[in-house]
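Close look at the chain arrangement
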Amino acid sequence: MKLDTIIQGGRLVTPTETMQADLGISGEKIVAIGRQLTDQARSYNNEEPRASARAAVRTTNSRKIAHDHIAQSQRNGVKVINAKGRYVIPGGIDVHVHLDLPFCGTVSADDYDSGTRAAACGGVTTLIDFAIPYGKETLQQAVDNWHARAAGKACIDYSFHLAITNWQRQKKDVKKMIDRGIPTFKQFMIYEKEGWQSDDAAMYGALELLRDLGGMLCVHAESSRVLDLLIERHHNKAEMKKQGAYLHTLTRPNYIEAEAIQRAIQWAKVTGGRLFIVHMSTGEGADLVKQAQEEGVKVLAETCAQYLALDDSVFATKDGHLYATCPQVKKPRDQKRLWEGLRNGEVCSVSTDTCTFNRKQKAMWKGDWTKIPMGMPGLETLLPVVYTLGVLKRRLTVNQFVDKCCTAPARIMGLYPRKGTLQIGSDADVTIIHPTKKRKVDWRKMQTNCDWSPYQGQQLAGFAEHTFCRGEQIVDNYKFVGRNGYGQFIPRANPGRL
Ligand code: URP
Ligand code: ZN
Ligand code: ZN
């Protein structure tokens, strides 16, 4: 077997161990892990040990090597990436992404081109987007529409969850979708105006059916009737003038999320269906999930980087409306509880809920917080935020970081062991990060189409120095070198256990 690439001398990190080793890639797969792979490469590649073989070995350490030289070295021998002093981790997996999403009267600004370039530079090699049926569209039509969005553009691998927006009409197609590699479905407890909302009977029915088919229900948990009441109560000129974007947080107290989570958990408990709480933002949510898990309910919960890094004081700033997302970022005490949940296990993974809106789109609010396009960019900063605030601040070990951003998402979403791990036979999705070197976040230098960043000016470590997706290098020395159309749709197995 011919080795194409050796990642040499790095510290390979999995959820359970950190070890100094070389990692060998052949085609799209990891095929070797061990010491001195460059010496062994001659035998792997059936070459005589001779001086010219050594000459064929290039390292990306040398700034002089241009991309054409790297391509040359791939033809002549093995490409060697010097990873000494670096962490070598499985490519990140962001299981909560919206690209090119028609929403809130506009279309989200990052599509499969900019969004997947951003992901690559952030060290993310697989994302899962949500295919959403609009109007009377079927689940299959929604999937077709999302395939069309990704086709020819995606630079990293991707999959879809399917939103169930009309249970009665769509339930008959659920099994077909699972058979086509989409085993996870989302129901929204809010967004009535968008035509996306599900009621309790729909959640109950979906949990029952998915229990029988081995799938999983993802739920956006916010309590809509009381939320509507609070919005109505504060929706007047005087308050909007006084409070501005801060009304987004004033109208969504923590019990809006907590009540919805406990209700969804109740339906999971009585049906025995598997429930995944998406973008969980509150400490109360973490408490409820922990308690339910202790009782044996099949519930898991992700949080997002913004809930770990930001708090609702942002809504009181001049640009507060930019940060509006549903659910909104909460209080420092919630951040603290979510970090604790990551450590303890009741929070299983970190994603982004990337749903990018630029300044012009966000300006549609004109002082009325109910008209803000909801969502923010995140793919490029997921690993850096979790690494910097988690590992460098000693809230997580580097192994926990890899678990929460790479391995657990793969296991939960039916991608493991093809993705999310550094194992022989797994896809060669590999990210190399410097353990301490920080880079200043500046949206002008990033791949996202956004013209602001929630982390603008912050110094973050954990950006991808090199990224490989199925064996192909897509980031080289912090520069994107991938190509549109390389990313593939990855059919998924039924969700696995943690
Ligand atoms: O505000 C958000 N999160 N926008 C995306 C849609 C959703 O609820 O996930
Ligand atoms: Zn949502
Ligand atoms: Zn979302």
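The text that follows walks through the structure, step by step, so that each part is easy to find. Here, residues in each chain are numbered from 1, in the same order as that chain's written sequence. In the order they appear in the text, chains get letters beginning with A and ligands get numbers beginning with 1. Residue-level local features of this predicted model are given only where pLDDT is at least 70; pairs of side-chain atoms are given and counted only at 80 or more, and the full residue set underlies all totals for whole chains, interfaces and linings. To obtain the side-chain values, all non-hydrogen atoms of the structure were included, while hydrogens and water were left out.

**Focus on the overall build of the protein chain**
Stated formally: In DSSP terms, a helix is any run of H or I states spanning at least four residues, a strand is any run of E spanning at least two, and both are numbered starting from the N terminus. Each radius of gyration is computed over the set of C-alpha atoms, and the globule rule expresses the reference value as 2.2 Å times the number of residues to the power 0.38. Contact definition: two residues touch when any of their heavy atoms are within 4.5 Å. Using the Shrake-Rupley algorithm and a 1.4 Å probe, accessible areas are obtained, with residue cover drawn only from the displayed protein chains. Counted charges follow a simple rule, with Lys and Arg positive, Asp and Glu negative, and His plus the chain ends left uncounted. Charge placement uses NZ in Lys and CZ in Arg. For Asp and Glu, CG and CD serve respectively.
In terms of helices and strands, the protein chain carries 18 helices and 22 strands. Relative to the compact-globule value of 23 Å for 498 residues, the protein chain shows a C-alpha radius of gyration of 23 Å, a close match. Taken over the C-alpha atoms alone, the protein chain extends approximately 80 × 50 × 40 Å along its principal axes. Expressed as a percentage of contacts within the protein chain between residues at least 6 apart in sequence, the contacts between residues at least 24 apart total 73%. Surface accessibility of the protein chain: about 19,000 Å² in total, with carbon and sulfur atoms responsible for 49%. In the protein chain, 68 positive and 53 negative side-chain charges are present, and the distance between their average locations comes to 4 Å.

**What to know about the site of ligand 1**
To be explicit about the condition: Proximity is defined per residue: if any heavy atom of the residue lies within 4 Å of a molecule or strand, that residue is considered near it. What qualifies as a polar contact is a pair of N or O atoms within 3.5 Å, subject to a donor-acceptor requirement within protein and to the restriction that residues adjacent in sequence count only when both atoms come from side chains. Residues are grouped as follows: nonpolar covers Ala, Val, Leu, Ile, Met, Phe, Trp, Tyr, Cys and Pro; charged covers Asp, Glu, Lys and Arg; every other residue, Gly included, is treated as polar.
The environment of ligand 1 is formed by 13 residues, the closest being His-98, Tyr-191, His-220, Cys-326 and Asp-353. One of the side-chain nitrogen or oxygen atoms of Tyr-191 is found 2.6 Å away from an oxygen atom of ligand 1. Within the side chain of Thr-325, one N or O atom sits 3.2 Å away from an oxygen atom of ligand 1. Taken by itself ligand 1 offers 270 Å² of open surface, and the protein chains cover 100% of this. Its residues assigned to classes, the shell around ligand 1 shows five nonpolar, six polar and two charged.

**Here we look at the pattern of salt bridges**
This is how it is decided: Throughout this description, the term salt bridge denotes a Lys or Arg side-chain nitrogen within 4 Å of a carboxyl oxygen of Asp or Glu. Accessibility here uses a 1.4 Å probe with only protein chains present; expressed as a share of the type maximum, an area under 20% marks a residue as buried, one over 50% as exposed, and anything in between as partly exposed.
By the definition in use, this model includes 31 salt bridges. Between Asp-179 and Lys-175 there is a salt bridge, and its shortest N-O distance comes to 2.9 Å. In this pair, Asp-179 and Lys-175 both sit in helix α7 (residues 174-179), four residues apart, roughly one turn of the helix. Between Arg-211 and Asp-212 there is a salt bridge, and its shortest N-O distance comes to 2.9 Å. Overall, Arg-211 belongs to the partly exposed group, its relative accessible area being 38%. Each of Glu-28, Lys-29, Asp-157, Arg-418, Lys-419, Asp-427, Asp-429 and Arg-470 takes part in one network of salt bridges that share partners.

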